[in-house]
Structure formats: structure tokens, C-alpha cells
Amino acid sequence: MTIDLGRGLVLRNPVMTASGTFGYGEEYTDFVDLAQLGGIIVKGTTLHPREGNPYPRMAETPSGMLNCVGLQNKGVQYFIDTIYPRIKDFDTNVLLNLSGSTLEDYVKGAEMVDALDKIPAIELNVSCPNVKQGGMAFGVTTTGISQVVSEVRKVYHKHLMVKLSPNVTNIAEIALAAEAAGADSVSLINTLMGMAIDAEQRKPKLSVITGGLSGACVKPVALRMVWQVAKAVKIPVVGLGGISNATDAVEFMLAGASAIEIGTANFIDPAVSAKVVWGINEYCERHGFHKTMDLIGALEV
Amino acid sequence: MKQIIDFKLVGKQDFGRSVLLQLHAECALPDMAPGQFVQVRVDGSPSTYLRRPISIHDVDFQNHEITLLVQQIGEGTRHLASAEIGDTINVVLPLGNGFSMPEKGEKCLLVGGGIGIAPLFYFAKMLVEKGIRPALLLGGKSKSDLIRLEDYQRFGESFVTTEDGTLGEKGFVTQHSVWQKQSFDKIYVCGPKPMMKAVAKLASEKKNWCEVSLENLMACGLGACLCCVEDTIDGNMCVCKEGPVFNTRRLKW
């Protein structure tokens, strides 16, 4: 089931867990043997610690949820000192999701993470919708993404995956800019900007009014964007957005994703990621695919 | 260790707005402490996407059974309450940290408001098993909110308030005369936030040790999504993982 995403990032299977939905992996070890996964992408980390947005940060929506956590994390240095030693020997790829609000923060953070032996890749988060200048400012224009990716590329020598925002007019254009600036892969989609209102109280349900929509409801949008991007770029595409089972995962691969991430579904079934690995295998056997990578882009139009 | 277990609904008791669900597992249950909670998947309700966090009302380890007292608040809990005997109910458990066990000889008061009385049942039962007889102060809007009152009263001296005066002293739990007549070493509270804040304030005035059980809106229940945070002296803490039980000294109330 091996998938080679390039520049040293080799997954034992295409299934990873999405940043912000799987903690640091430790939260899920009672449910999933991490060695069964292609990788885990740990919580969005910024150079400096962030307390995140005030409560309430979550609103349930039909087949999904909105969140406005706002990148609560203890910063890159704390990650290196305290969390990294605990998780570096997990028998899977541990990727760090790196976010920032200034170019300097991204570059400094990437430099520090570059020195961590057991982190084979960064997922560069230029698409967090919940923080003012939470990276999304970089992620929604081709010039913004070119700038941040090329600067980080100069200091980061391992696999650089760039996580794209769906809150754009033409995502393929953004992906092409990331590719041209030196990204090794792109992952998409981050959450869609949304909003929820409590009509009885006449108040927003989220503390900062808007938030990011995730869960099964975003899957058709994500699938379409993965398909568009996969047709446009030559680098591998990692698909995510509402994947809840193996069939969903297979659909993303058929649309052109080389690997996939499972996000919000981890909340509903904490063991879902391992089930998806099993299910993709079963699909491949049933359909006569000898290698999982043969699924990539195998959509018949 | 946390587990995902398919339970069967084997017993159900209707209390109007609340329902008592008795769930049986084929397998032995993991250890569960009073004050911990479970995340229940709500099947067959299209508008319910996430699990519902519910406190553990009672556990029978010998018979592999847990009991949940569920108040029908929204679509998810309403659907859960409509489950029928024999239905399968998928549960993740046990989650969070429970109440701190008192030392023998310490005088404990368990204060419950509304559906917040639910976790105090298992807690009181465990205290009695350890040879500690707690006092209970239970409050509701009306008599009908005080579910299983007679069962609670068996655990220890019990005091009751209702806002409409249909049972016990009229008013809020903080207005009960027991606060003037007795003193306690440890106070444990579960109920609506304004009520818990009021009890915490009272406890703090009396320099009492006090723990409260919070119920912030949550998604994962495992400390991964960081949605259910409460502002504490150590920063934003997940109610699901660091709580739901917090010592009031840690809270910025």
C-alpha cells in the first residue's frame, strides 16, 4: 500500500489523520494502533504560543460542524521541548502542521522544525480561517502563497506540504503557485468559512461569529477541488474534507489524490482511521488493483 | 483504558423530560470513576452529527451495565431518549477525570441542580461503599426535576430546594438553611453554570474546598479538537480531558 510523496516522505499506506482532529496522536492510542496509519499530522503550531479564541468555539451543523478554535497551541519551542520527545518514536510518520501570521514566523518556525530528525515533513498551514492574519491572508492569493512557500522552502529541506484554503475563486491557480514556489505536495481542503446563528437568542453561536466548516457535508466540495487541483499540478495531492469511510477515501484517490487525511470523522468514530486503511485494501482486492497507488487518478470519465 | 462499546438498551424509565437508560455490554467494562462521562453516538438522527456527552449516572460492573440519565434538550438527546429496548447504542467511555475522592472522616456535601444530579448518584454510591456518608443538597425548578429522590436519600442526609416550592425549601440551592446550620470539608457541585458559580462563590466565602463538573459544548471528547475550553489559571483547558471536574481554585470565575 506504500505511497511515496517525494523528498523522503514515504507512507506505508495513503491514510493520515488531519491536523487539529487527532491531537498529538496520544489521544487516540486507545483506539488506533498508530503503526497502522500512513501518518499523523499534529495540531497546528505557531512560532509563539497562542491561547486561541474564547469559548464557545464549536457549533454543530447538518452533517458537520463549525469551529473557531483559533490555533490554540503552546508554540514551536514547547513542541520541541515537551511534545516531540513523547511522540517522536511513534511507528508512523509524524508531520507537523505549521501556521503563522507573519512571514518571519513561518520561516523561523520552519527552521526550528527542520532540525527535528523524526519529523519528515511540514504541512504548511496557509489557510486557517479562524485567526486574523492566521495564514489565510497568504493562502488566498497567488502572490501571497508564492511568497510564503518560497521563503519557507529556502530554510526547510524536507518534504514541504502546503495546505490550501477552499475559500478562493480558483484553487488550481493557488496550487500551481505553491508548486512553482517549491512545494513538494499540496493538501486540501482546509475548512470552509461558515457561520451559525441562534435565532432564539438572536446571537452568533461562535465567539468570533464565523468559523470553519468541516465534516461529511463538505465532501462534495473537497472532492471537486481535489479533482481540479490534481489535473493542474504535477506534485502529489493529499485529499481531505469530510472523509468518513473507506469509500470516501477511494473516491478522493480516484479523483487524483495520492494520499488522504481523515479529520472530523475521528470525533465520531475514534477508530475510523484504521478502518479506512482496511477498507481501501479491501476495495483494491475486490477491484483487482495490485498497488494502492494504481487508484490515484483512476477515475473513468 | 478508553473503549468503544456497542451496548444494548435493556431498561428504560421515563421521567417526562428525562429518561433513564440502562445499557448492557457483552464485554467487561473498563474502570470508571464517578464524575467521568461517556460520548454516545446518536444513530438515525440526520441533524445530529456529533456524539453527545453524558455523565455516568450509575455502573454495575458485575452485570456489565451502565445507566445514563438523559435530559431531552435538543434533537440529539430527544432522539436518544426515543431509543427502544433491544436497540444498540454505541458509546465511547470512560472520558475525563472524575471527582477527587475525599479522605475518610471528611464531611462532604454533594450539590446537584436539575439534570446535574445525574453523576452524583454514582459518586454517592461509591462514597458509601468507601464508608463515607455524604450529605446531599438537590435542587430543581419543581418537584418533577428531582428524579429518583428516594434512591438518593438512601446514601445520606438529604436536603431539597425547588424554585416553585413544590418540595423542600423554596428557592435556590444556595439559599437552603443547611448552609447556616452545618459546615463541610468538601463540596462537590454539578448543575447549570450560574448555579455552580453561585455555590462556588458561597464555598469560597466559607473557605471551603470545592469541585464543580462542567459541561461545555464539545466535539471529540478526547482533548483533540480544543472546542470545549474553560478559562483557568493555567490558560484554556479542555473540559473533556482536563475536566469535566475542576477545583474552583483553578477557574477564573
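Our subject is the structure listed above.
Keep in mind it's a predicted model, so treat the numbers as computed, not measured.

Cut-offs used in this document
- Residues numbered from 1 in each chain as written.
- Chains lettered and ligands numbered in written order.
- Predicted model: local features only at pLDDT ≥ 70, side-chain atom pairs only at ≥ 80, totals over all residues.
- Axes fitted to C-alpha atoms, helices over the stretch in contact; angles between N-to-C directions.
- Helix = DSSP H or I, 4+ residues; strand = E, 2+ residues; numbered from the N terminus.
- Parallel < 35°, antiparallel > 145°, perpendicular 65-115°, else oblique.
- Left-handed = near helix turned anticlockwise from the far one by under 90°.
- Contact = placed C-beta atoms within 7 Å.
- Nonpolar A, V, L, I, M, F, W, Y, C, P; charged D, E, K, R; others polar.
- Buried ≥ 20, exposed ≤ 12 C-beta atoms within 10 Å, placed from the backbone.
- Pairing = 2+ DSSP bridges.
- Expected span 1.5 Å × (residues − 1).
- Arc of directions from axis to C-beta.

(A) Representation of the packing of helix α5 (residues 171–180) of chain A against helix α6 (residues 219–232) of chain A in the model. Residues and elements named next belong to chain A. Relative orientation of the contacting elements α5 and α6 amounts to 45 degrees, with a least axis distance of 9 Å. In terms of axis orientation, α5 runs oblique to α6. Regarding α5 and α6, the two cross each other, and that crossing is right-handed. Facing α5, whose interface residues are I171, A172, A175 and L176, α6 presents M225, Q228, V229 and A232. Across the contact of α5 with α6, the residue classes tally to 7 nonpolar, 1 polar and no charged.

(B) Up close: helix α7 (residues 246–254) of chain A. All names here are of chain A. Among the 9 residues that make up α7, 7 are buried, leaving the element largely enclosed by the rest of the structure. Listing the buried residues of α7 in full gives A246, D248, A249, V250, E251, F252 and M253. Elements that come into contact with the buried residues of α7 comprise β3 (15–17), α6, β15 (237–239), β16 (259–262) and α9 (272–287). Just downstream of α7, G256 is the residue with a positive phi angle, here 125 degrees.

(C) Representation of the environment of S258(A) within the structure. All names here are of chain A. Tracing the chain through its elements places S258 in the loop between α7 and β16. Residue classification places S258 among the buried positions, given that 24 C-beta atoms sit within 10 Å. Sequence separation between S258 and V221 is 37 residues; the distance between their C-alpha atoms is 18 Å. Residues in contact with S258, not counting those within four places in the same chain, are I3, L5, P14, P236, V237, V238 and I296.

(D) A look at the pairing of strand β11 (residues 192–195) of chain A. Residues and elements named next belong to chain A. Residue alternation in β11 divides its side chains into a buried set, L192 and G194, and an unburied set, M193 and M195. As defined by bridge partners, β11 adjoins strand β14 (residues 210–214) across 4 bridges and the pair is classed as antiparallel. Within β14, the residue paired with G194 across the bridge is G211.

(E) Inspection of the sheet that holds β3(A) at higher detail. All names here are of chain A. Spatially, β3-β4-β7-β8-β9-β10-β15-β16 is the arrangement adopted by the 8 strands of the closed barrel, whose pairing is parallel. With strand direction ignored, the average angle separating the axes of adjacent strands in the sheet is 25 degrees. Where β15 meets β16, 2 bridges bridge the pair, whose relative direction is parallel. Residue pairing in the sheet places V238 in a bridge with A259 of β16.

(F) Examining the environment of G131(B) more closely. Residues and elements named next belong to chain B. The residue G131 is located in the loop between α2 (118–129) and β9 (135–140) in this model. Judged by the 8 C-beta atoms lying within 10 Å of it, G131 falls in the exposed class. For the pair formed by G131 and G105, sequence separation is 26 residues and the distance between their alpha carbons is 9.0 Å.

(G) The arrangement of the packing of helix α4 (residues 142–155) of chain A against α5(A) in detail. Residues and elements named next belong to chain A. Across the interface, α4 lies against α5 with an axial gap of 8 Å and an inter-helix angle of 25 degrees. Classified by the angle their axes make, α4 and α5 are roughly parallel. Read as a crossing pair, α4 and α5 show a hand that is right-handed. Each of T142, I145, S146 and V149 in α4 lies in contact with α5, whose residues at this interface are E173, I174, A177, A178 and A180. Along the lines of polarity and charge, the residues of the contact of α4 with α5 split into 6 nonpolar, 2 polar and 1 charged.

(H) Up close: the interface of chain A and chain B. Every contact between the two is made by 27 residues of chain A and, on the other side, 23 residues of chain B. Among the elements of the structure, β5 (58–61), β6 (64–67) and α8 (265–268) of chain A are those that each provide at least two residues to the side of chain A that touches chain B. For the side of chain A that touches chain B, the element with the most residues is β6(A), which contributes 3 residues. For the side of chain A that touches chain B, the residue count by class is 13 nonpolar, 9 polar and 5 charged.

(I) Focus on α4(A). All names here are of chain A. With 14 residues, α4 extends 21 Å between its outermost C-alpha atoms, agreeing within 8% with the 20 Å of an ideal straight helix rising 1.5 Å per residue. Within the sequence span of α4, burial applies to I145, V148, V149 and V152. The buried side chains of α4 occupy one side of the element, clustering within an arc of 95 degrees when seen end-on. Every exposed residue of α4 that faces more than 90 degrees away from the buried side is listed here: T143 and K154. If you follow the buried residues of α4, they end up packed against α2 (103–114), β8 (121–125), α3 (136–139), β9 (159–163) and α5.

(J) Focus on unusual backbone geometry. In this structure, the amide linkage connecting L93(B) to the following residue, P94(B), adopts the cis form with an omega of -15 degrees. Mapping P94(B) onto the fold places it in strand β7 (residues 88–95). Phi at R202(A) takes a positive value of approximately 55 degrees, unusual for a residue other than glycine. Checked against the element boundaries, R202(A) lands in the loop between β12 (197–198) and β13 (203–204).

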